[in-house]
Each structure stands twice: as C-alpha cells, then as structure tokens.
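Each chain, written out:
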Amino acid sequence: MDIDTEEVQVDKAIKLGNDLVEAILNASPSSLLTVKSLIEVGAPLWYQQEDGGLSALHAACYIQNPELVQLLLDKGAIWNCVDDLGNTAGDVALSLNDEESYRIIRDAGLRSEFLLHVLSTKSENSSDVLRSVDGGPFGSTTAFLNSRLIFSRDSYGQEICSVVSDGITVGVMMGWERGIMRRTVEILCGEHPARSSGLRVLNVGFGLGIIDTMFQNLDPPPSCHAIIEPHRDVLAHMRQNKWYDRPGVRILEGRWQDFVETGDIYGEGGWDVVYVDTFAEQYEELKKFFDILPDLLDGPESRFSFFNGLGATNLLFYDVYTQLSELHLKEIGFNVEWVDVDVEDGSPTDRWGDTKSYFKARLYRLPLAKMVQM
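Because the structure is predicted, anything quoted here is derived from the model rather than measured. (Residues numbered from 1 in each chain as written. Predicted model: local features only at pLDDT ≥ 70, side-chain atom pairs only at ≥ 80, totals over all residues. Heavy atoms only, no water.)

Draft legend 1. Examining the overall build of the protein chain more closely. In terms of regular secondary structure, the protein chain is built from 13 helices and 10 strands. Here the protein chain, with 374 residues, has 52% of them falling under the buried criterion. In the protein chain, once contacts between residues fewer than 6 apart in sequence are set aside, the share between residues at least 24 apart is 70%. For the protein chain, the accessible surface area stands at approximately 18200 Å², while carbon and sulfur atoms represent 49% of it. (Helix = DSSP H or I, 4+ residues; strand = E, 2+ residues; numbered from the N terminus. Buried < 20%, exposed > 50% of the residue type's maximum accessible area, 1.4 Å probe, protein only. Contact = heavy atoms within 4.5 Å. Areas by Shrake-Rupley, 256 points an atom, 1.4 Å probe, with all protein chains shown as cover.)

Draft legend 2. Main features of unusual backbone geometry. A cis geometry characterises the amide bond from D219 onward to P220, with omega recorded as 0 degrees. The residue P220 is located in the loop between α9 (210-216) and β5 (224-229) in this model. Positive phi, close to 55 degrees, is recorded for Q64, a residue that is not glycine. By the element assignment, Q64 lies in the loop between α3 (56-62) and α4 (66-74). Here Q64 falls in the partly exposed class, since its relative accessible area comes to 41%. Look at K242: it is not a glycine, yet its phi comes out positive at around 65 degrees. Mapped onto the fold, K242 is located in the loop between α10 (232-240) and β6 (249-253).

Draft legend 3. Region of interest: the environment of L32. Secondary-structure assignment places L32 in helix α2 (residues 29-40). Between the C-alpha atoms of L32 and L20, which are 12 residues apart in sequence, the distance is 9.6 Å. If near-sequence neighbours (up to four positions away) are discounted, L32 is found in contact with I63, N65 and L68.

Draft legend 4. Summary view of the pattern of salt bridges. Per the counting criterion, the structure on display carries 13 salt bridges. With its nearest N and O atoms 3.0 Å apart, the salt bridge here joins R183 to E186. In this pair, R183 and E186 both sit in helix α8 (residues 178-189), three residues apart, roughly one turn of the helix. You can call R183 partly exposed: its relative accessible area is 32%. (Salt bridge = Lys/Arg side-chain N within 4 Å of Asp/Glu carboxyl O.)

Draft legend 5. Structural detail: the sheet that holds strand β1 (residues 149-153). An order of β1-β2-β3 is seen for the three strands of this open sheet, with the pairing classed as antiparallel. Either end of the sheet is taken by a strand with one partner, and the two such strands are β1 and β3 (168-174). The mean angle between the axes of side-by-side strands here comes to 35 degrees, regardless of whether they run parallel or antiparallel. As paired strands, β1 and strand β2 (residues 159-165) are joined by five bridges and run antiparallel to one another. The residue bridging I150 from the neighbouring strand is S162, located in β2. (Pairing = 2+ DSSP bridges. Axes fitted to C-alpha atoms, helices over the stretch in contact; angles between N-to-C directions.)

Draft legend 6. Examining the nonpolar core more closely. Among the nonpolar cores identified, the biggest contains 50 residues, and M181, C189, F215, M238, F359 and Y364 are the most heavily contacted of them. Looking at which element gives the most residues to this core, the answer is α8, with six residues. Once you skip the residues sitting within four places of it in the chain, M238 turns out to touch F206, I227, E229, W243, Y244 and I251. Of all hydrophobic cores here, the second largest spans 33 residues; its members include L20, A23, I24 and L38. (Core = buried A, V, L, I, M, F, W, Y, C linked by side-chain atoms within 4.5 Å.)

Draft legend 7. Expanded view of the packing of aromatic side chains. Following the criterion strictly, the structure yields 15 aromatic pairs and no others. Centre to centre, the rings of W176 and Y358 are 6.0 Å apart; their planes meet at 35 degrees, and the pair counts as tilted. Here the residue W176 occupies a position in the loop between β3 and α8, and Y358 occupies one in the loop between β9 (334-342) and β10 (363-371), the gap between them amounting to 182 residues. For Y358, a relative accessible area of 16% gives the class buried. Between F290 and F306, the ring centres sit 5.6 Å apart and the planes meet at 55 degrees, which makes this aromatic pair tilted. You can see F290 sitting in helix α12 (residues 283-296) and its partner F306 sitting in strand β8 (residues 303-306), a full 16 residues away along the chain. Taken together, the aromatic side chains of W256, Y283, F289, F290, F304, F306 and Y321 make up a single cluster linked through ring pairs. (Phe/Tyr/Trp six-rings, centres within 6.5 Å; stacked < 30°, edge-to-face > 60°.)

Below is the structure:
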C-alpha cells in the first residue's frame, strides 16, 4: 500500500469517527439510526475528536443512553479512554447521575481486566490495561528501590515521605493517610478474638510507620510484629527511630517476594493480622500476594487488608480495581467487607502541598478479608 492510499484511508477513518461522535451528540431518533449504520460501515470506535478528546462512548454518556453505551462496548469501544480533561466516559455518566450507563462501563472494565489477568497467568508479559508505563520510581519497583527518599514536613506540619523523578515529587506516604490507617487498625484488631493475648501481626511496607506505630500502641501490643521493608532509606529511617530496638518487632529487609522464597514470611504458626501497603508495585503483584494468603493466616479468625489505592486518581479505575480485588479474593476462599472512610476532613489545608496527587476519591474503600469457614 502506497503512502497516498494510506493517507486516504486515515482521512476516511477520521471523518467516519467524527461523524459518529456528532451523530450521537445530535441525539435524535434519526441520528441514532445513522449511528448504527456508521458503526456497520466501520466508523472507528477508538476515535477521539481532536478538540476535546470526545469518543463515541463519551458522547453516548452525555446523551444518557445506556442502550447505546452497551452497543458501543459490545462493538469494541474502549472503556477506559480519557478525554482532554482526563475524564473517562464513566466519569461523564457519574457526573450526570446516570448510574445505569456507569455500571455498564464499570462492568465492561471489570470483565476486561479479569480476562486479561487470566491470560497473563499464561504469559510472562503483564496484560494490565491500567498498568503504569512509567519506567521511573513511580511505576517501577526496581527504579523506586534505587531512588532517594526524602523525609520531611510540609508547611502545615504534615509528615511526608516522598520521591522525586524528573522534577515531579510524589508522596510515598503522607500524614493525611493517618485516618485511613487508624480505621484499618480498628477493623483488623478491634474485635479480634486473639487480641487479649497479643496479636501476631505482619505488615508489608513501612513508609512513615503510621500503621506500625498504631499496631504497637495496641493494649496489649502484638506478641510478634514482623515488618517487611525493602528500601534502604526507609530502613535507615527505622534505625534512626529505634524500630530495631523495639521488643517483639522483627524487621525483614527486602521485598516480600524474597521472603516467600526463604519461607520467613510465613512466621511460626501463621499470622492473626496481615496488612500490605507497597509502593510502585502493580496489581499483578498484589494478586500474587493474595495467592499466598491461605498459607500466611492462622485460620478463619485471622484478618487481611491492604492499602486500596490502585487507580485512585480516577473514580472509574478505582471502582474497577476495587471490584477486581474482591473477585480475586473470593476465588481463593475469602469473604470481603468494605468500609468507606471519608478522606476529606474539612480542613482548609492542602494535603498535597508540592506533591503530585495520588488519591482523588472522596471515599476510601477499606477492605477487610477473612477466610471462608468450611
């Protein structure tokens, strides 16, 4: 095929794609017939308008037509494409209180992600649609572990552990998460039947040590408290703050995957409470952690949770990952309860300061997982 012919075909595809978006936005009965005919003649459903980035799926949500949303997805529309403002079609549906269209898109995303994770188990390549392509410390575990971390306080006194890459500062952990961690400890430990004798606690990822400090402040404190942490700067921070000297605390220096191989992660007799909050690991690594949970926990009364922050810069992505994690936990025999935590405290202070926002949802979905009793 020569270059002139390719250009003609590209121009034709662009015109068909733009005609499709405009026909949907017109929203008359006759235009909807035109929509179906444009799809039949090959109007590209991946097309997004040059001015604004609207796709056909965005347009269908703007006219609040769930039937058309379903048709577009069935024909191959991309459920997670974003417009120039960073909004997905699902975000548009939410903004218009169109719960049916939103649910259709979310479920399409969930099916897509679930299938891709099934296929990825047969391939060495990750298939995660939402996976970050960032090769820096924000999206690569290796790059993160080789980066320098900064421990500081912002102008409001908030504790921050951050990493800088290409002039962008991102919080690895920030003081505003304290409310999430407090509620997590309450859910994991509050009514635990082994609480009075001292819980056996495993935490993966120390960060600022917020949740580990809360575990230590339990009465009585944990009888055994293991912390897995791979980053040299965090380990130095822990030494500086005397964590290595605390009775009953054992610090495992490395990634959790390292201690699966050695067996050190399993403890003696299993754990009462397990919590995971890693940085720069993608969902497929969390899924691998799910798979070893039955061997980590002491029994049906044991409890598991994780920092549920994947995809949290977008409400649709966050919802899909929340649903996906519940499906995968149920696959291995766990019941999951969700507790909503409002992360907006009404304070006039800017919790992000000079760092990049990594959690934009108003409500944090806190997971509590327990093994199903047979």
